[in-house]
Amino acid sequence: MQKRVLTIIITLVGISLGITLLPIAWFALGYGNNLWLNNYLTNGLLGAIIFYFLSLAIADPISSKLKKIEKRINEFSLTYILFGVIGAIVALTLGLIISNPLYKIPIPFVNSALPILVMILLGYLGFRVGTTRIDEWRKFFSVRTKKNEQTEGEVLERKADDHFHKYKILDTSVIIDGRIYDIAKTGFLEGVLMIPNFVLYELQYIADSGDSLKRVRGRRGLDILNSLQKEEGIAVEMYDGDFEDISEVDSKLIKLAKLLDGVIVTNDYNLNKVSEFQNVAVLNINALANAVKPVVIPGETMHVLVVKAGTERQQGVAYLDDGTMVVVEDGQHYMNEQIEVVVTSALQTAAGRMIFAKPAHANRNLKDDSPEKKIEYKNDQTGKKAASR
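An account of the accompanying structure is given in this report. Everything quoted here is computed from the prediction, not taken from an experiment.

So, about the packing of aromatic side chains. One pass over the structure, following the stated rule, counts 3 aromatic pairs. Ring plane angle 75° and centroid distance 5.6 Å describe the contact between Y52 and F53, whose orientation is recorded as edge-to-face. Accessibility expressed as a relative area gives 39% for Y52, which makes it partly exposed. With 6.3 Å between their ring centres and 85° between their planes, Y80 and F127 make a pair best called edge-to-face. Separated by 47 residues along the polypeptide, Y80 in helix α3 (residues 78-103) and F127 in helix α4 (residues 113-132) bring together distant segments of the chain. By relative accessible area, Y80 is classed as buried at 18%. A relative accessible area of 30% places F127 in the partly exposed class.

Our focus in this paragraph is the side chain of S275. Checked against the element boundaries, S275 lands in helix α11 (residues 269-277). Of note is the side chain of S275, whose polar atom sits 2.8 Å from the backbone oxygen of L271.

What follows deals with the sheet that holds strand β2 (residues 192-196). One open sheet holds the 5 strands; their spatial order is β3-β2-β1-β4-β5, and the pairing between them is parallel. In the strand order of this sheet, the two ends are held by β3 (235-239) and β5 (282-284), each with one partner. Recorded for the sheet is a direction-independent mean angle of 30° between the axes of neighbouring strands. Strand direction decides the pairing type here: β2 and β3, joined by 5 bridges, are parallel. For I195, the partnering residue across the bridge sits in β3 and is M238. Contacts between helix α12 (residues 285-292) and the sheet are confined to β4 (263-266) and β5, with β5 contributing the most and set at about 55° to the helix.

What counts, and at which threshold
Residues numbered from 1 in each chain as written. Predicted model: local features only at pLDDT ≥ 70, side-chain atom pairs only at ≥ 80, totals over all residues. Heavy atoms only, no water. Phe/Tyr/Trp six-rings, centres within 6.5 Å; stacked < 30°, edge-to-face > 60°. Buried < 20%, exposed > 50% of the residue type's maximum accessible area, 1.4 Å probe, protein only. Helix = DSSP H or I, 4+ residues; strand = E, 2+ residues; numbered from the N terminus. Polar contact = N/O pair within 3.5 Å; in protein donor to acceptor, adjacent residues only side chain to side chain. Pairing = 2+ DSSP bridges. Axes fitted to C-alpha atoms, helices over the stretch in contact; angles between N-to-C directions. Contact = heavy atoms within 4.5 Å.

The structure is reproduced here in C-alpha cells:
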C-alpha cells in the first residue's frame, strides 16, 4: 500500500514538472512552435511516464527509509513529540519574523541563503528546547490550585492531575511467576500495566523452546497475560516500539522506563539492582512477599516437616507454606518427620527470609543429647500423628 502511494505521488510530481519544464526543453531543441508536442496534455503525459518508471526504481528504498523513520518515531512518547512540535512551531514563527528584513537587503547571500539557514537553525533549537525541558513546560502550563486560600505555603505539584499513575512495565520473569495477576486483581497495583512487544516475543520464544520445562514456563506466562487482558478493572496496554541498538531485554526495559517515566515490575534481583543504580523506579514482587509475611518472634513454636539435611553438621531443613526456609538444629535425627520446633532467631535478606529453630524438647528439663530421649520424643510424635489420623 505504501509503495503504491509513493508511486502515485512521484507520478503526480512528474506531471507537474512536465508541464513546467518540458516547454523550455522544446524551445531549446527547436520544437517550441510544434503544438502537437508543446501542449499541456503531451507535456504532462510525458512527465508522468518518465517519473512512473523512475518510481519503480526508487519506491522501495524510499519505503524502507520511511519505515525506519516511522519505527524511530514510535519509540518516542506522545508527550515528547507534542512538546517538540510546539517548540519547533514557535521557533519557526520567530524565524519568519527575523527573516523578513533579510530578504530586502541587496546582498546575494544575505537575501537568499541566510533566511533559510536561520529558519532551519531556529526550528532545530525550538524542537530541542521543547523536548529536553518537558517537566518545566508541564509545570508552566499546569494550573496551580490551593485547597485553602487562607493557608499560606507551597502547593503540592505533580507531573499531571490528581489521577495520574505511572506505567507499570512488566518484566518476563514476573509474568511467568504469575503472582502479578493476583496482586493486580486485588487492586493493590494501580495504573496501567504495560507489556512491551520485546517481552512478548521473549515469552513466545520460551514457549517454543525444545526444553519441556522452559516450554511450560513460557506457556504459563502467555496464559497469565491473557488472564490480565480479560480481567475487568485491570488496564493493560501494549508497547509496539523496540530498541534495535540494544540486544538485552533487561536493558530495553530500563530504556523504556526512562523514556515513559514508568516503573519496572519484576522479581529479578539483578534487574532490581541495575534499575536502582540507574535511578529507575522498581516494584519487586519478592520484596512485597517478604514484607507481608507474618513476623516470627524468638520463643514461638511451630510444626514443620524436615525434608533434607542442612549445610552444617546435624542441621535439618524444613519449609513453611509460603516457602520460608527453616533451619533446625539437630534436625537430621528427624528426617521426613513432622516435629515441633522453637524459633531461636530469624534472618532477613534481600533474597528472602530464613528462620533458625531447634526441636521443642531441647528446652525441656531433659537430657537432650541422650539417644533414649530422642527415641522417646520420636515415639511421642509418631503417636500424635497416628491419633490425628
